[in-house]
Amino acid sequence: MVGGGTRTAELTLPGFCHDVCSAIHPLAAASPFFRSLGIDLDLVEPPAALAHPLDDGTARLVFRSLDGTARGLGADGGAYRDLIEPLVEDWPQLVRELLGPVLHAPRHPATLARFGVRALRPAASLARARFAGEPARALFAGAAAHSILPLERRGTSAFGVLLLVLAHATGWPFPRGGSQAIADALADRLLSHGGEIETGRNVTSLRELPPSRVVLCDVTPRQLDGLAGDLLPERYRRQLQGWRYGPGVFKLDYALDAPVPWRAPEVAQAATVHVGGTVTEIAESERAPWEGRHAERPFVLVAQQTLFDETRAPPGTHTLWAYCHVPHGSSVDMTDAIEAQIERFAPGFRDHVLARVARGPAQLERENANLVGGDIAGGANVLGQLIARPAPRLVPYSTPLSWLYICSAATPPGGGVHGMCGHLAAMAALRRSR
């Protein structure tokens, strides 16, 4: 089956369709490549892109509407608008600047500079400096935690700012029926143009491939080194071997007999829920994996798609998708810690569990070799690796072999379901071949 991490399967009980890895797709809606294809996707956009429940029984929501979001943040609404609104207005110019190599000649330098001023700050300090109240600080920290980095690191604000801009510019939708629909739509387009797809074959060396003018590898640096071996110069191999992978994830998929009983009923307006409490708690949770620790109160990313997509579960039942960040290659079972966090904001949650499936870093890597140590991002999102992915090259995506290219999440613009890595790698190969 095609799809990599963009797949859907019955992981718990018959009739319950769970997204194996990726679940919510703001970058799919924003992707210039996907828009250029015009592929037939039924994208579901919930009333709210994101909900962040708080201990006082309330929640803060991010709506497509900037006005509605700002109103919900009370006294911090103006600060939120000042941070996000200029970039929402800039988005048509900003999208191609961000969804490509970091090092490039910008078409809109002033627009990119406006983003950069916000993006380069550590998320924890920006949240505390920009917002006076804890709800807005926590909301921003939760979005920034998608960086899978300590929130004290420079550049982590980029992830929070980008995801919040996307919430207003293009939304945080998901495909009806499951993420597999994206992979299937792309495969159908390829087949319609005479392409062929072969699955179920384990390739251990590039020498096994039939002769061709160009080979594009959707693999991380470790796999590229293993596949190419001594075909590559030793210096480039050392660069691939020095690629740094980030923390892993511990993932849970649930079959439920009812929706999650959130204490704040407004959480049911969003498919994506950030469960983590305050900015201080989220920062501690995201720091822990980098220090080899497992957070006692992990920041948990939750997706509750069946509130808006009845095709994924039998009538009257629901699925739930949840994960937290853990140290690279961790073997610790985080089920109790994750469920305690959900129960904290949704008392009685465990009473509705019909079945659960837990998958830690080792199992994730067995299922998908690109998820090295459970790293779903294709490599640590540290600044150095964002600038040169996966190694310094005059032509990104190229390798020292004129016919070989790499096009995974370890290449610009990085992880996410947007197709831009493969699209830009293919364009680079076409330019060179001409």
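It should be noted that the structure appears before, not after, this text.
Read on for an overview of the structure. Remember, predicted model here, so these are calculated numbers, not experimental data.

**Here we look at the side chain of serine 22**
Item 1. As for its placement among the helices and strands, serine 22 is situated in the loop between strand S2 (18–19) and helix H1 (26–30).
Item 2. Here histidine 25 takes part through its side chain, which lies 3.3 Å from a polar atom of the side chain of serine 22.
Item 3. Residue contacts for serine 22: discarding those within four places in its chain leaves Gly5, Thr6, Ser179 and Val417.

**Quick notes on unusual backbone geometry**
Item 1. For the bond running from arginine 389 to proline 390, omega is -10°, close enough to zero to count as cis.
Item 2. Across the junction of proline 412 and proline 413, the peptide omega takes the value 5°, indicating a cis bond.
Item 3. In this structure, proline 413 sits in the loop between strand S13 (404–406) and helix H16 (420–433).
Item 4. The residue tyrosine 397 is not glycine, and still its phi comes out positive at about 80°.
Item 5. Secondary-structure assignment places tyrosine 397 in the loop between helix H15 (383–387) and S13.

**As for the nonpolar core**
Item 1. If you look at the biggest cluster of nonpolar residues, it comprises 72 residues, and the most contacted ones within it are Tyr80, Ile84, Trp91, Phe115 and Phe140.
Item 2. Residue contributions to this core peak at 10 residues, all from helix H4 (residues 77–98).
Item 3. When neighbours within four sequence positions are excluded, tryptophan 91 is seen to be in contact with Ala30, Leu98, Leu162, Val165, Leu166, Ala169 and Thr170.
Item 4. In terms of nonpolar packing, the next biggest core, distinct from the first, is built from 29 residues, Leu256, Val267, Val275 and Ile342 among them.

**A look at helix H13 (residues 335–345)**
Item 1. The buried fraction of H13 amounts to nine of the 11 residues, a majority that puts the element mostly inside the structure.
Item 2. Buried within H13 we find Thr335, Ala337, Ile338, Glu339, Gln341, Ile342, Glu343, Arg344 and Phe345.

**Quick word on the sheet that holds strand S4 (residues 48–53)**
Item 1. Across the sheet, seven strands lie side by side as S5-S4-S9-S10-S11-S8-S12; this open sheet has mixed pairing. Pairing within the sheet leaves two strands with one partner each, and these edge strands are strand S5 (59–63) and strand S12 (353–359). Averaged over all neighbouring strand pairs, the angle between strand axes comes to 20°, with direction disregarded.
Item 2. Strand direction decides the pairing type here: strand S8 (residues 248–256) and strand S11 (residues 318–326), joined by nine bridges, are antiparallel. Bridge assignment links leucine 256 to a residue of S11, and that residue is histidine 318.
Item 3. Along the sheet face, helix H8 (residues 156–169) touches S4 and S5 and points at about 60° away from the line of S5.

**A word on the packing of helix H6 (residues 123–130) against helix H7 (residues 134–144)**
Item 1. Running from N to C, H6 and H7 cross one another at 160°; their axes reach a closest spacing of 9 Å. What the angle tells us is that H6 and H7 run roughly antiparallel. Note that H6 runs across H7; the crossing there is right-handed. Residues Ala123, Leu126, Ala127 and Arg128 of H6 lie in contact with H7, whose contacting residues are Arg137, Phe140 and Ala144.
Item 2. Taken together, the residues of the contact of H6 with H7 break down into five nonpolar, no polar and two charged.

**Let's talk about the pairing of S4**
A regular strand places its side chains so that they alternate between the two faces of the sheet.
Item 1. Most of S4 sits inside the fold, with six of its six residues counted as buried.
Item 2. Where S4 lies against S5, five bridges are found, and the strand directions are antiparallel. Within the sheet, the bridge partner assigned to alanine 51 lies in S5 and is leucine 61.
Item 3. From the end of S4 to the start of S5, which pair antiparallel, there are five residues, and glycine 57 there has a positive phi angle of about 90°.
Item 4. With three bridges joining them, S4 and strand S9 (residues 270–275) adopt parallel strand pairing. If you follow alanine 48 over to S9, its bridge partner there is alanine 270.

Conventions adopted
Residues numbered from 1 in each chain as written. Predicted model: local features only at pLDDT ≥ 70, side-chain atom pairs only at ≥ 80, totals over all residues. Heavy atoms only, no water. Helix = DSSP H or I, 4+ residues; strand = E, 2+ residues; numbered from the N terminus. Polar contact = N/O pair within 3.5 Å; in protein donor to acceptor, adjacent residues only side chain to side chain. Contact = heavy atoms within 4.5 Å. Core = buried A, V, L, I, M, F, W, Y, C linked by side-chain atoms within 4.5 Å. Buried < 20%, exposed > 50% of the residue type's maximum accessible area, 1.4 Å probe, protein only. Pairing = 2+ DSSP bridges. Axes fitted to C-alpha atoms, helices over the stretch in contact; angles between N-to-C directions. Parallel < 35°, antiparallel > 145°, perpendicular 65-115°, else oblique. Left-handed = near helix turned anticlockwise from the far one by under 90°. Nonpolar A, V, L, I, M, F, W, Y, C, P; charged D, E, K, R; others polar.

Any link to function would need more than the numbers given here.
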